[in-house]
Amino acid sequence: MRTFETAQAPHRPPARSLRSVMLLVCAALLPGTLVQAVMLGSGVIVQVLLCTTFALLVEAVMLRLRGQPLSRFLFDGSALVTAWLFALCIPPLAPWWIAATGMLAAIGMAKQAFGGLGRNPFNPAMVGYVLVLLCWPLEVSRWGATPGDWVPGVVDSVRAVITGAFPGGWDAVTGATPLTVEHELMARGMTLPEIQADARITGSPHPASWSALAFALGGLALCALRVVDWRTPLSVIGGIVLLATPPWILDGDLNASPLHHLLSGGLVLAAFFIASDPVSGAGTARGRWLFGFGFAALVLVFRAWGPHPDGIAFAILLMNGLAPLIDRYTAPRRFGQGR
Amino acid sequence: MAGARFSGGAAIEPSPLAVEDRPLARLPAPSRVYVPMLQHQGTPARPCVGVGQRVARGERIGVALDEYSADVHASCSGVVRVIAARECGHPSGRAVTCIGIDCDGGDDFVTLPPLPGWRQLDRFELAARLQAAGIVGLGGAAFPAAAKLATASLDTHTLIVNGAESDPCAGSDAAVMRLRGDDVVAGAVMLGHVLSARRVVIAVNAALMPALSALHRARAANGDATDIEVVELPAHYPQGSERQLVYTVASESLGADELPRDRGVLVFNVATAAAAWRAVAHGEALVSRVVTVAGRGVREPCTLEVPLGTPIADLVAAAGGYAEDARRLVAGGAMAGPSLPHDDIPVAKGTYNVLVLSSAELQLDAVDMPCIRCGECARVCPSRLLPQSIVADIRGGDTATAIERGLDDCIECGLCDTVCPSHIPLLHWLRHGIGEATIAASERALADRSRMAHHARNARLAMLAEERSRRLAERERAALANRGPAAPSAAAMPDVLAAALAKARAGLRSDNDNGPSGS
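Computed from a prediction, not measured in an experiment: that's the story for all the values here.

Peer 1: Looking at this structure, how should I read helix α4 (residues 172–179) of chain B?
Peer 2: Along an α-helix, residues three or four apart share an orientation, since each turn contains 3.6 residues. In terms of burial, α4(B) is a largely internal element, seven of the eight residues being buried. B:Ser172, B:Asp173, B:Ala174, B:Ala175, B:Val176, B:Met177 and B:Arg178 are the residues of α4(B) that are buried.

Rendered as structure tokens:
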């Protein structure tokens, strides 16, 4: 007679692990990140590394404080994703303490203080970003290069990040994103064709558009691998198209085209990588449609009337707050309860 | 493809054993079989032989005590050596009375009288035969076929013979269809005829090519089978589950508290239909069954016909023995079958598969992480539940909310568990919750009964008290009435006493309309 250890069914090899899901997300972020690095300088990579370091540090300290096993949680990959997304939101030459406070807020407050992985009601990267945006609006909006400009190298980037001072001769172009310029000029009553002529944003497409395409590529791969539910990005993009088209047709001089909305700011990144965060988003299939659509609507509202040029982070956090309610009212109809 | 496809589920490649085309190996009877008295859902059979008694194969050794039971027969000829409780692979580890027979290697066998006139049988006569032949559901659940037949709807419009074989590691139904296709078809014809079903469907996993062609051949050869449909089902788990099967074939969505018979449908497994046919046409009792021995934990996975009561160890030996890294022994499918503590457990009527898994197939080092609400479990759930929310409720001890969210609808298919990236043992928790809910329901029933008894007692006591006070009042009234005329005259009494008496009489009069008139 041979004896065996008993175990619970099912007796199947486990699905791909949480860590591999997180690493897949990071891999999908890589093309967009590289494009951004080519356009804006190696500061992009420097920020990713810096944020990751701070994120792991804060995570380790918080796990220790909460008495949780480091071995199980520190390298689950979730802190890496948060750090990476946050790094992509801040300018490549932002001083180091932006990354530090951002990660403290994101990992320490938004994630670990709420119970760690899987328990955060709000997207940690967005909480961190909103905090630094509200505290240091200037440092978080100095985006630097526009196409054709000189792009800072690794040494210059590191020096700028450490000292907080821009490389010599670069202050003149402490550039704004097209979205910022538009927001500013439209507030003064200019029309879009007039704005297009502004020296600061000629020579488009702006680098943001190229990286948006690269992020979309990575995001589509995640949808194909079913890491991301396709409903979320589709409902975000569809929502933008659906809501931005009528005003654009009515008056193209005052209202940007849907394509312009999609390719500017971090919308594509948000659609594929941030709105699709399962922990803080809606959990049901119908809820995900609602979540994405609501997010798109809020982004358009914030862009049109908000005080900030882009409202992605605020829109995400608002929708995060609504997610439990959405889930409650969109539970699928059970088998046998009619179709 | 037939009808509607159910939502959720997962495409699963059938086991290589289910699509191979080898003849069936017959395992000879071992030196001793232990035939359990409980090989089915319901009441155990009672042994009807004594130690030392000679039995032939097919001879009855256990008698069904009620309609939710089935007779049990000797699976080899030999001498009864022991009647004792043994562990039989029940998940709780409970022991079942088994009859141990020393096999003599001979081939004495007995049958029931064949019933060539089966067309004249009504469902109860057929049910009686199925019970006497010990036929139970051979798809794993082992529900007594007689009870299913006897409780079928009088308007059974559709009979489905289930050949979905959707577990990724099992293949015994496929082997029965492939090698005993004529019995399956004849069984379907017979059951459909006796139930007067308007539609008889043999529903088969489309990926099982050899089984399908065998059934088509058998149907063409059987003159009575012209109206039988052979329908292909998607190779999708859990297509074999009753609710999903009835939905796909008959477009009926059963609620959590419904059985197929509530919608005029009846489902029999293909092997059950074949066994029922043999019991009627040849009088053969159920003494052996087809079992697949699967998994990389055995050297040569194979399909065997095995006498009931054979220890699982003998099956593994016939499959070339254990491979070096055999780590887990399972009776049944990979998705929901219970894992066994050892291999000295007899094959029962419901043992359709023996699975020996190697460590490579299990990855035992997976640790469970917190839920990130990715929604994969909800995507695959065939009952369209949100397993992660239900499990969160169960883990928090809130079974009531779990039930509100549809715990009763869980069919324990285990899919949610296999897709969870956090490796949360969802099926384990769901089963735990279902157990808790059952306990809670029976406690609630008990509490309700006690409360009703309490209310009834209070009502009874109140009634008695009322009765007593009524009688008391009546007696007093009678006493007063008797005393009334004989009351002493006021003149003979002291003044104070006379006044008090007058007052009392006045009070009595105003209290009671037809009270005694004092003066």
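Peer 1: Hey, could you run me through the domain arrangement of chain A in this one?
Peer 2: For an interface, size is often stated in terms of accessible area lost upon the parts coming together. Residue and element names in this part refer to chain A. Per the domain assignment, the segments of chain A are domain 1 (18–175) and domain 2 (176–329). Taken residue by residue, the interface counts 31 residues in domain 1 and 27 residues in domain 2. Our count for the contact surface shared by domain 1 and domain 2 stands at zero salt bridges. The tally of links from domain 1 across to domain 2 stands at two residue pairs in polar contact (both at pLDDT 80 or more). Of all elements in the fold, only α1 (18–40), α4 (78–89) and α6 (124–135) reach the threshold of two or more residues within the side of domain 1 that touches domain 2.

Peer 1: What is the right way to read the interface of chain A and chain B from this model?
Peer 2: Chain A puts 41 residues into the contact, and the matching count from chain B is 61 residues. Roughly 4300 Å² of surface becomes buried between chain A and chain B when both sides are summed, with 57% attributable to carbon and sulfur atoms. Summed over the three residues of chain A that lose the most area to chain B, namely A:Phe4, A:His11 and A:Phe335, the buried surface amounts to 21% of that side. Where chain A meets chain B, there are two salt bridges. B:Asp409 is paired through a salt bridge with A:Arg334; the nearest N and O atoms lie 3.3 Å apart. In this structure, the connection of chain A to chain B is made through 22 residue pairs in polar contact (both at pLDDT 80 or more). Elements with a contribution of two residues or more to the side of chain A that touches chain B: α1 and α3 (70–73) of chain A. Among the residues forming the side of chain A that touches chain B, the class breakdown is 18 nonpolar, eleven polar and twelve charged.

Peer 1: Even after reading the chapter, I still don't get unusual backbone geometry, so can you show me in this structure?
Peer 2: Trans is the prevailing form of peptide bonds, just as negative phi is the prevailing case for residues other than glycine. Between A:Ala9 and the following residue, A:Pro10, the backbone shows a cis peptide bond with an omega angle of -5°. Here A:Pro10 lies in the segment before α1. Here B:Tyr237 and B:Pro238 are connected by a cis peptide whose omega angle stands at -5°. With respect to the element layout, B:Pro238 can be found in the loop between β13 (236–237) and α7 (242–250). Positioned with a positive phi, B:Glu165 is a non-glycine residue whose angle comes to about 40°. Within the secondary structure, B:Glu165 is located in the loop between β10 (158–163) and α4. Owing to a relative accessible area of 7%, B:Glu165 belongs among the buried residues under this scheme. Look at B:Glu412: it is not a glycine, yet its phi comes out positive at around 55°.

Peer 1: Hey, could you run me through the sheet that holds strand β9 (residues 95–103) of chain B in this one?
Peer 2: Within a beta sheet, neighbouring strands are joined by backbone hydrogen bonds and run either parallel or antiparallel to one another. All names here are of chain B. If you walk across this open sheet you meet the four strands as β3-β9-β8-β5, and the pairing is antiparallel. Both edges of this open sheet fall to β3 (32–36) and β5 (54–55), since each of them pairs with a single strand only. Two strands pair when backbone bridges link them, and β3 and β9 are joined in this way by five bridges, in the antiparallel orientation. Bridge pairing in β9 links Val33 to Ile101.

Peer 1: It is not clear to me how the domain arrangement of chain B should be interpreted in this structure. Could you clarify?
Peer 2: Annotation of chain B at the domain level lists domain 1 (10–294), domain 2 (302–362) and domain 3 (368–460). Each of domain 2 of chain B and domain 3 of chain B has a C-alpha centre, and these two points are 30 Å apart.

Peer 1: Would you take a moment to explain the UniProt feature "transmembrane region" (unreviewed entry) in chain A for this structure?
Peer 2: All names here are of chain A. UniProt tags residues 21–38, 44–61, 73–90, 208–225, 232–250, 256–275, 287–305 and 311–330 as "transmembrane region" (unreviewed entry). Taken end to end, residues 73–90 has its terminal C-alpha atoms 26 Å apart, with 72% of it in helix and 0% in strand. Strand forms 0% of residues 311–330 and helix 90%; the C-alpha atoms that close the span are 26 Å apart.

Peer 1: Even after reading the chapter, I still don't get the environment of B:Ala366, so can you show me in this structure?
Peer 2: Residues and elements named next belong to chain B. Inspection of the secondary structure assignment puts Ala366 in the loop between β18 (353–358) and α10 (376–380). With relative accessibility at 33%, the residue Ala366 sits in the partly exposed group. Separated by 58 residues in sequence, Ala366 and Ile424 have C-alpha atoms that sit 9.7 Å apart.

Peer 1: Where do I start with the UniProt feature "binding site: [4Fe-4S] cluster 2" (unreviewed entry) in chain B in this structure?
Peer 2: Residue and element names in this part refer to chain B. Those residues carrying the UniProt feature "binding site: [4Fe-4S] cluster 2" (unreviewed entry) are Cys381, Cys410, Cys413 and Cys416 in this numbering. In terms of the greatest pairwise C-alpha distance, the residues named above, spread along 36 residues, form a tight cluster of at most 10.7 Å across. Summarising the element assignment, Cys410 is placed in the loop between α12 (399–404) and α13 (415–419). Overall, Cys410 belongs to the buried group, its relative accessible area being 16%. The residues touching Cys410, leaving out its near neighbours within four places in the chain, are Leu385, Leu430 and Ile434. For Cys413, the location among the structural elements is in the loop between α12 and α13. The contacts of Cys413, once residues within four sequence positions are left out, are Tyr237, Pro238, Met335 and Pro382.

Definitions and limits used
- Residues numbered from 1 in each chain as written.
- Chains lettered and ligands numbered in written order.
- Predicted model: local features only at pLDDT ≥ 70, side-chain atom pairs only at ≥ 80, totals over all residues.
- Heavy atoms only, no water.
- Buried < 20%, exposed > 50% of the residue type's maximum accessible area, 1.4 Å probe, protein only.
- Helix = DSSP H or I, 4+ residues; strand = E, 2+ residues; numbered from the N terminus.
- Domains from an automatic or database assignment.
- Contact = heavy atoms within 4.5 Å.
- Salt bridge = Lys/Arg side-chain N within 4 Å of Asp/Glu carboxyl O.
- Polar contact = N/O pair within 3.5 Å; in protein donor to acceptor, adjacent residues only side chain to side chain.
- Buried area = accessible area lost by both parts, 1.4 Å probe.
- Nonpolar A, V, L, I, M, F, W, Y, C, P; charged D, E, K, R; others polar.
- Pairing = 2+ DSSP bridges.
- UniProt positions renumbered as here; feature names shortened; annotations may be inferred.

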